[in-house]
Amino acid sequence: MKNIIIAIDGYSSCGKSTLAKDLAKTIQYHYVDTGAMYRAVTLYLLQNHIDIYHPEMVEQALPAISISFAYNADTQSQNTLLNGENIEHEIRVNPRVAGSVSEVSAISAVRRFLVQQQQAMGQKKGIVMDGRDIGTVVFPDAELKLFVTADPQVRAQRRLDELAEKGQQTTFEEVLANLEKRDSMDSSRTDSPLKKAADAIEINNSHLSKSDQLKLVLQLVHERINPIASSIE
Ligand code: DC
């Protein structure tokens, strides 16, 4: 069976990470959450009091940042490590990270720094990567590109539930405002804005269950991995 690259892009909190994780697990591929990498860089800059509005200072700080992923067998989940320290929880719940990550990810030096690492991770293929520019910039030749969307109200409710599960109290209005601000910044930035690649397949999952969505995507994967068998079926 041939190994392929699966690129999943889409707006904040549209369930792309859950889809990417479930998919990677089912087909035994590596999974890379590139949003976690931008969040990790943001956390580093905040912790080290580096002014995110000074791109030259940010660029100078980048060589000191090492990001890796570790699988936790107990929770069956992936943890993000920043210079060896587990920051998974922090990058998900710290509102300062959510509030600054769009600014940080608009800095070209940050994008160059992370895109290079992401491309290296996909060299052997057999990978599911999710983000905003995976099908357009990181892997423009990916064999399967998905663009996941969901209505903003649905996404805000999902994010609110996720934060509540992590013990973070906030309001629906606050979550929706942050989400819309990030959508608008991610789509309008000059360097690698979030957009659907011309050859990406769009999935709106507002009214789609997780398992139906996975089934649909598995069929698409199957067609790419095993084109002859798929055409006979
Ligand atoms: O997927 P996420 O919400 O964890 O991503 C956090 C931020 O990182 C998001 O606001 C945009 C940015 N990002 C990006 O610019 N490019 C990527 N490939 C992934 C994320």
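These numbers come from a predicted model, not from an experiment.

Parameters and conventions
- Residues numbered from 1 in each chain as written.
- Predicted model: local features only at pLDDT ≥ 70, side-chain atom pairs only at ≥ 80, totals over all residues.
- Heavy atoms only, no water.
- Salt bridge = Lys/Arg side-chain N within 4 Å of Asp/Glu carboxyl O.
- Helix = DSSP H or I, 4+ residues; strand = E, 2+ residues; numbered from the N terminus.
- Buried < 20%, exposed > 50% of the residue type's maximum accessible area, 1.4 Å probe, protein only.
- Expected span 1.5 Å × (residues − 1).
- Arc of directions from axis to C-beta.
- Contact = heavy atoms within 4.5 Å.
- Near = heavy atom within 4 Å.
- Polar contact = N/O pair within 3.5 Å; in protein donor to acceptor, adjacent residues only side chain to side chain.
- Areas by Shrake-Rupley, 256 points an atom, 1.4 Å probe, with all protein chains shown as cover.
- Pairing = 2+ DSSP bridges.
- Phe/Tyr/Trp six-rings, centres within 6.5 Å; stacked < 30°, edge-to-face > 60°.
- Axes fitted to C-alpha atoms, helices over the stretch in contact; angles between N-to-C directions.
- Parallel < 35°, antiparallel > 145°, perpendicular 65-115°, else oblique.
- Nonpolar A, V, L, I, M, F, W, Y, C, P; charged D, E, K, R; others polar.

Let's shift gears to the pattern of salt bridges. Here the structure, examined in full by the defined rule, presents 12 salt bridges. Measuring nitrogen to oxygen at the nearest pair gives 2.8 Å for the salt bridge that ties Arg 155 to Asp 183. Of the two residues, Arg 155 is situated in helix 8 (residues 152-165) and Asp 183 in helix 9 (residues 172-188); the sequence distance between them amounts to 28 residues. In this structure Arg 155 comes out as buried when scored by relative accessible area, which is 2%. Connected through salt bridges with shared partners, the residues Asp 33, Glu 88 and Arg 92 form a single ionic network.

Between the first and last C-alpha of helix 8 there are 20 Å, a value that for 14 residues agrees with the 20 Å anticipated at 1.5 Å per step. Among the residues of helix 8, Arg 155, Ala 156, Arg 159, Leu 160 and Leu 163 are the ones counted as buried. Along helix 8, the residues classed as buried sweep out an arc of 135 degrees about the axis, all on the same side. Of the surrounding elements, those touching the buried residues of helix 8 are helix 2 (34-47), helix 4 (88-93) and helix 9. Phi turns positive one or two residues past the end of helix 8, at Gly 167, with a value near 80 degrees.

Next up on the list: the site of the ligand. The immediate surroundings of the ligand are formed by 16 residues, with Arg 39, Arg 111, Arg 132, Asp 133 and Arg 189 found nearest. One nitrogen or oxygen atom from the side chain of Arg 132 is found 2.9 Å from an oxygen atom belonging to the ligand. Separating an oxygen atom of the ligand from a side-chain N or O atom of Asp 186 is a distance of 3.1 Å. Burial of the ligand by the protein chains amounts to 97% of its free accessible area of 450 Å². Of all the secondary-structure elements, those providing two or more residues to the shell around the ligand are helix 2, helix 5 (95-105) and helix 9.

Our focus in this paragraph is the sheet that holds strand 3 (residues 67-72). In a beta sheet, neighbouring strands pair by backbone hydrogen bonds and run either parallel or antiparallel. The strand order 3-4-5 describes an open sheet built from 3 strands, whose pairing is antiparallel. Looking along the sheet, the strands with just one partner apiece sit at the ends: strand 3 and strand 5 (85-86). Sheet analysis places strand 4 (residues 77-82) next to strand 5, joined by 2 bridges and oriented antiparallel. Looking at strand 5, one finds that Leu 81 is bridged to Asn 86.

What follows concerns the packing of aromatic side chains. All chains considered together, the criterion is met by 1 aromatic pair. With a centroid separation of 6.0 Å and an interplanar angle of 80 degrees, the aromatic rings of Tyr 11 and Phe 147 are classed as edge-to-face. Of this pair, Tyr 11 sits in the loop between strand 1 (5-10) and helix 1 (16-27) while Phe 147 sits in strand 7 (residues 144-149); the two residues are 136 residues apart in sequence, bridging distant segments of the chain. The exposure class of Tyr 11 is partly exposed, given its relative accessible area of 25%.

What follows is about helix 9. A rise of 1.5 Å per residue sets the reference length of helix 9, with its 17 residues, at 24 Å; its end C-alpha atoms lie 24 Å apart and thus fit the reference within 8%. Every buried residue of helix 9 is listed here: Val 175, Leu 176, Leu 179, Arg 182, Asp 183 and Asp 186. Projected down its long axis, helix 9 shows its buried positions confined to an angular sector of 130 degrees, all on one face. For helix 9, exposure combined with an orientation more than 90 degrees from the buried face picks out Glu 173 and Ser 188. Among the structural elements, helix 2, helix 5 and helix 8 are those in contact with the buried residues of helix 9.

Axis separation between helix 5 and helix 9 bottoms out at 10 Å; the angle between their running directions is 5 degrees. Accordingly, the angle class assigned to the pair helix 5 and helix 9 is roughly parallel. Taken together, the residues of helix 9 that come into contact with helix 5 (itself represented by Ala 98, Gly 99, Val 101, Ser 102, Glu 103 and Ser 105) are Asn 178, Lys 181, Arg 182, Met 185 and Asp 186. For the contact of helix 5 with helix 9, the residue count by class is 3 nonpolar, 4 polar and 4 charged.

Looking at the element boundaries, Ala 106 is found in the loop between helix 5 and helix 6 (108-121). Taking the C-alpha atoms as reference points, Ala 106 and Ser 188, separated by 82 residues in sequence, lie 9.5 Å from one another. Excluding residues that lie within four positions of it along the chain, Ala 106 makes contacts with Arg 189 and Asp 191.

A separate point is the environment of Ser 68. Mapping Ser 68 onto the fold places it in strand 3. In contact with Ser 68, not counting residues within four places along its chain, are Asn 79, Thr 80 and Leu 81.

Everything listed here is a matter of coordinates, which is why it stays silent on function.
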